[in-house]
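Given next are the chains, with one letter for each unit.
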Amino acid sequence: MVTGIKDTTHAVEAAAVMRLLPARPRLLALGEPTHGEDTLLDLRNQLFRQLVEQEGFRTIAIESDCVMGLVVDDYVTSGKGTLDQVMEQGFSHGWGAYGANRDLVRWMRAYNDGRPASERLRFAGFDGPVEITAAASPRQALSALHGYLSAWTDEALLPCTAEKLGQLLGSDGRWTDPAAMLDPSRSVGQSAEAGRLRLLADDLVALLDAQTPHLVTATSREEWDRARLYGRTATGLLRYHHWMADASSARMTRLVGLRDQMMAHNLLAVADRGPALIHAHNSHLQRAKSSMRMGGTPLEWWSAGALVSARLGEEYAFVATAVGTIRHQGVDTPPPDTVEGLLYALPEDRCVIDAPRLAALLGEARPAPRVSPWFGYSGLDPAHLADSEGIVFVKDVRQSPVG
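Nothing here was measured: the structure is a model prediction, and the numbers come from that model.

A. Region of interest: the packing of helix H6 (residues 139-152) against helix H9 (residues 192-210). Contact pair H6 / H9: the axes reach a minimum separation of 11 Å and the direction vectors enclose 40°. Comparing the axis directions of H6 and H9 gives the class oblique. Note that H6 runs across H9; the crossing there is left-handed. Here Leu 142, Leu 145, His 146, Tyr 148 and Leu 149 of H6 lie close against H9, whose contacting residues are Leu 197, Ala 201, Leu 204, Val 205, Leu 207 and Leu 208. Here the contact of H6 with H9 is built from residues that sort into ten nonpolar, one polar and no charged.

And the structure:
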């Protein structure tokens, strides 16, 4: 045990996290080193409740489809739909199946019941409608944006009709073909129709921007904000599809970078509501460059957190989560010469660590990087400890049922 590590630890409480931050953030990012563990999601829920009740936070944003997330937000703010429907239709990446996410949505709805709009909690997905194997059709976002502008602006100002959009989009199957992720020639992203759609989407977003004074009065700022989300999503998806059709060696680097860029744009919109807790994989929220290997090829790109931090400065704060074991996934006791190993030797089952102070304490004697036997878990990078405000450490992640 390195002398003094115990002095860097605190109880896992929102107040302890906030005391580590140099300023009150608009976005407090809580990362996780793996997905799909209710232990970590329950901890997120606990911290969010405390941030709401003690610090005035009003929004939580998670790594889920930004358009699907509107279904969840409608439910928690107004009770639209049922909890079962929301869990099925409001989450991507299988997140609706996790009990901790259901608990979060149920609690937010109960908290909002009877409260004025200004005091209600809000939910947001901030991921783009993309998966590692495919990307969504831009139809939903483009059609929603066009429909909003058609209803509230002069028809003569629209760059095209809804019928023209439909003709250019064609069938959704052309856009969502999973074979396109491995074979650029299967993508329609650089077809003549896709090129025309990119120009039209740009014109629709420009019209939305130009008509802002009229639209926020004729509709509401909430509806205008939603239209902006549709615009960001449409242009982001069309850009993503364009580069799916690229056959160069930079193709995958562009795609993973574009996904995080879409995330960053959504997070900056969330920041306008202030203050919010955001939750995603550490790699999407860290300030250092993210990296991974895909098909044997090393990829490096700037994460959403790095992009947002560059814009918001001290109003963006990042707290990573680290774990000792995930035994049901083959992740056993960490080696003692790793950061996780040093933290595992502490008596607490959970704690919050002052990361810059820990990095200073370790000095040049950097621990070894932890090598995971399971692809779904990523250890802390000892070289970038000081790039986060804190670390939440969970000694043992125990298996919980899904459903």
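Still more to cover.
B. Inspection of the pattern of salt bridges at higher detail. Under the definition given, this model contains 18 salt bridges. The shortest N-O distance in the salt bridge between Glu 119 and Arg 115 comes to 3.8 Å. Each of Arg 26, Asp 272 and Glu 315 takes part in salt bridges that share partners, so that together they form one network.

C. Focus on empty space enclosed by the protein. Enumeration over the complete set of coordinates arrives at three cavities of 30 Å³ or more. Quantified by volume, the largest cavity comes out at close to 70 Å³. When residues of the lining of the largest cavity are traced back to their parent elements, those giving at least two are helix H1 (14-19), strand E2 (27-32) and helix H2 (38-55). The element contributing the most residues to the lining of the largest cavity is E2, with three residues.

D. Representation of the side chain of Thr 325. Here Thr 325 lies in strand E8 (residues 316-325). With a relative accessible area of 1%, Thr 325 lands in the buried category. Beyond its immediate chain neighbours, meaning those up to four positions away, Thr 325 contacts Val 331, Asp 332, Thr 333, Pro 334, Tyr 344, Lys 395, Asp 396 and Val 397.

E. A look at the packing of aromatic side chains. What the rule picks out here adds up to five aromatic pairs. When the centroid spacing of 5.6 Å and the interplanar angle of 55° are considered together, the rings of Trp 95 and Tyr 98 count as tilted. Each of the two residues, Trp 95 as well as Tyr 98, counts as buried. An aromatic cluster of three or more residues is present, and its members are Phe 48, Trp 107 and Tyr 111. Lying across the ring of Trp 107, Arg 49 places its NZ or CZ 5.6 Å from the centre. Arg 115 extends its terminal NZ or CZ atom over the ring of Tyr 111, reaching a point 3.7 Å from the ring centre.

F. Spatial organisation of the sheet that holds strand E5 (residues 276-281). On the basis of which strands lie adjacent, the open sheet formed by eight strands has the order E1-E9-E10-E8-E2-E5-E3-E4 and mixed pairing. In this open sheet, the two edge strands, each paired with only one partner strand, are strand E1 (9-10) and strand E4 (122-127). As paired strands, E1 and strand E9 (residues 350-354) are joined by two bridges and run antiparallel to one another. For Thr 9, the partnering residue across the bridge sits in E9 and is Ile 353. Set on the sheet, H2 makes contact with E2, strand E3 (59-65), E5, E8, E9 and strand E10 (390-396); between it and E2 the angle comes to about 165°.

G. Helix H12 (residues 251-271), seen in detail. Along its 21 residues, H12 runs 30 Å from first to last C-alpha, staying within 8% of the 30 Å computed at 1.5 Å per residue. Of all 21 residues in H12, 16 are buried, a share of seventy percent or more.

H. Layout of the layout of surface pockets. Within this model, the second largest pocket holds a volume of roughly 400 Å³. Lining the second largest pocket we find 18 residues, and of these Val 205, Arg 228, Gly 231, Arg 232 and His 265 sit closest to its centre. Elements represented by at least two residues in the lining of the second largest pocket include exactly H9, helix H11 (221-244) and H12. Considering only residue class, the lining of the second largest pocket consists of seven nonpolar, six polar and five charged.

I. Region of the structure containing the nonpolar core. Leu 28, Phe 48, Val 105, Met 108 and Phe 123 are the most contacted members of the largest nonpolar core, which totals 47 residues. Once residues within four sequence positions are removed from consideration, Phe 123 is found in contact with Ile 60, Ile 62, Gly 69, Val 72, Asp 73, Val 76, Phe 91, Leu 104, Met 108 and Arg 273.

J. A look at helix H7 (residues 162-169). For H7, the complete set of buried residues consists of Leu 165, Leu 168 and Leu 169. Taken down its axis, H7 places every buried residue within 100° of arc, on the same side. Of the exposed residues in H7, the ones pointing more than 90 degrees away from its buried face are Glu 163 and Gln 167. On the buried face of H7, the contacting elements are H6, helix H8 (172-176) and H9. The positive-phi residue at the C-terminal boundary of H7 is Gly 170, with phi of around 65°.

Rules and cut-offs
Residues numbered from 1 in each chain as written. Predicted model: local features only at pLDDT ≥ 70, side-chain atom pairs only at ≥ 80, totals over all residues. Heavy atoms only, no water. Axes fitted to C-alpha atoms, helices over the stretch in contact; angles between N-to-C directions. Helix = DSSP H or I, 4+ residues; strand = E, 2+ residues; numbered from the N terminus. Parallel < 35°, antiparallel > 145°, perpendicular 65-115°, else oblique. Left-handed = near helix turned anticlockwise from the far one by under 90°. Contact = heavy atoms within 4.5 Å. Nonpolar A, V, L, I, M, F, W, Y, C, P; charged D, E, K, R; others polar. Salt bridge = Lys/Arg side-chain N within 4 Å of Asp/Glu carboxyl O. 1 Å grid on protein atoms, 1.4 Å probe; cavity = no way out; pocket = protein on both sides within 12 Å on 5 of 7 lines; lining within 4 Å. Points joined across faces, edges and corners; volume = space filled by probe spheres on them. Buried < 20%, exposed > 50% of the residue type's maximum accessible area, 1.4 Å probe, protein only. Phe/Tyr/Trp six-rings, centres within 6.5 Å; stacked < 30°, edge-to-face > 60°. Lys NZ or Arg CZ within 6 Å of the ring centre and 35° of its normal. Pairing = 2+ DSSP bridges. Expected span 1.5 Å × (residues − 1). Core = buried A, V, L, I, M, F, W, Y, C linked by side-chain atoms within 4.5 Å. Arc of directions from axis to C-beta.

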